[in-house]
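Observations on chain architecture
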Amino acid sequence: MKKYLILFISLIALSSCKKFLDIQPESDVSKEELFSSEEGFKEALNGAYVGLASANLYGGNLTFSNLDIMAQNYQFTDANLIRIAAFDYSLASYVQKISVIWTNAYKQIGNLNQILSVIDQRKELFRAQNYEIVKGEALALRAYMHFDLLRMFGTSYQNNPNFKAMPYVTTVETKPTPFSTVTEVLDKAIADLQEAKALLKGKDPILPASYVVGYPSDEDATELQNPSLFLQNRRHRMNYYAVAGTLARVYLYKNDKVNSLSNAKEVIESLKFPWTLQADFFADDITQRDRIFYNELVFGWYVPQSREQLIGLFSRNNPDYSATADQINAIYNLGTTGADDWRYKQWFRLVRDANQSDRFYLQKYITNTTPLTNLHPLMAPALRLSELYLIAAEASFDTNPGAAVDYFNEFRVHRGIGTAISATIAKTDFINLLKGEYRKEFYGESQSFFMHKRLNLDIITTAGLIYPASDKIFVFPLPIEEQTNRN
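The present account deals with the structure reproduced in this document. Nothing here was measured: the structure is a model prediction, and the numbers come from that model. (Residues numbered from 1 in each chain as written. Predicted model: local features only at pLDDT ≥ 70, side-chain atom pairs only at ≥ 80, totals over all residues. Heavy atoms only, no water.)

With respect to the nonpolar core
By size, the foremost hydrophobic cluster in this structure holds 157 residues, and its most contacted members are F299, W301, F430 and F476. Beyond its immediate chain neighbours, meaning those up to four positions away, F430 contacts A393, E394, F397, A404, V405, F408, I421 and I425. (Core = buried A, V, L, I, M, F, W, Y, C linked by side-chain atoms within 4.5 Å. Buried < 20%, exposed > 50% of the residue type's maximum accessible area, 1.4 Å probe, protein only. Contact = heavy atoms within 4.5 Å.)

Some details on helix 16 (residues 401–413)
For helix 16, with 13 residues, the first-to-last C-alpha span of 18 Å sits near the 18 Å given by 1.5 Å per residue. Three or more residues of helix 16 are buried, namely A403, A404, V405, Y407, F408, N409, F411 and R412. (Helix = DSSP H or I, 4+ residues; strand = E, 2+ residues; numbered from the N terminus. Expected span 1.5 Å × (residues − 1).)

Examining the pattern of salt bridges
Across all of its chains, the model carries 33 salt bridges by this definition. Note that R83 and D88 form a salt bridge whose closest N and O atoms lie 2.8 Å from each other. What makes R83 partly exposed here is its relative accessible area of 33%. Looking at D88, the relative accessible area reads 22%, which means it is partly exposed. Between D187 and K254 there is a salt bridge; the shortest N-O distance is 2.5 Å. With D187 in helix 8 (residues 182–200) and K254 in the loop between helix 9 (240–253) and helix 10 (257–270), the pair connects residues that are 67 residues apart, well separated along the chain. What makes D187 partly exposed here is its relative accessible area of 34%. Among the charged side chains, a salt-bridge network with shared partners connects E296, D341, R343, R412, R415, E437, K440 and E441. (Salt bridge = Lys/Arg side-chain N within 4 Å of Asp/Glu carboxyl O.)

So this is what it looks like as structure tokens:
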């Protein structure tokens, strides 16, 4: 109980900071007061985490919403959701949602820039490694947010690296920041992440062998043992390995497979993040099931406030989002390798609707109504060990197909798929298998759409309808007020 009480207290603390930042983010007086102590810097950083984990961003829109709809994971009767699945960016409610994402993302980038604009001048305020932790996390979050905006509002690097995508904002000022090209945004994100990685190296509490990842109730886990609340639960924050993993993701987007593989291997070979045990994934006690592979999270957003939204979207009777039996059976290859797939068996509840049609309701985010009995807190996954294996597989295929296949097979074994693929597999077939695993693994998490965009792959529905790969479906329209700035 003590461990969950700490999480609850932390949430209250984060919420209070958010209110402060949101009220007067540009006030010189409030900025001077906030950044007059180490605690003020911590509060500002925590406030940015709360804003980023809100329903407007990763606690809703950027994890559970339209990006996943466009990956063709659900079937709808609602006319508006059907239009979103068909990439209709003219829908008024969608235009508004896109504007909300853009506005709130840059609002949190602004809060991070407030921290970064003064932290070097106040370095003497910090104890031990806290200067490096605060600055490193702020830089990494700034890069993470800009990169996801690029994956929505810019072209892919493969299609047009010189496309004017968006502003990469690093200063605190009132005049607009000029738009950067896709290449420039990627380079700036990499620079921020590299600096963050250097700051966190040797300083992050997650690095020593004594830091053991696990469930809050595990006797061996040490994630809650640091006397400083600020330094607990490093996987709920932009820790060193999360930075390395994000670099692997960004480098792959830029088609720099050497650096992508190097960073992915650093996370994998740390052995810090254990594969989820079958016994935990299928626990008889439903309140003790690890449906999100919690121990494999390299980084995740703590989102207890999203619980009711998630129930409405996925798991209540007649939820907003559900899939047909044909969709799920096709996605998880039920007729071939999917019969034993853990995800197929555990993530979906089969329900027959009023029309006598089989529907599948997603159970990935189910939590018991009494939080103290859950195996782990409610998280929106941000970066998984499994993705690092898939990145390593793709990044190594051209130069070492044997190693690529080993990464891929290792990942699938830990999802209940024992059928190995051969090192002689053709690259096109290998990419198709990777594409399938992205869709299975990140169902309800919005990463599948980004892979299609990065590799310029057609999006194909279960019914066989093809949306040809193009900027028409992959590039979100800018909010109207920003279109002039791009031009």
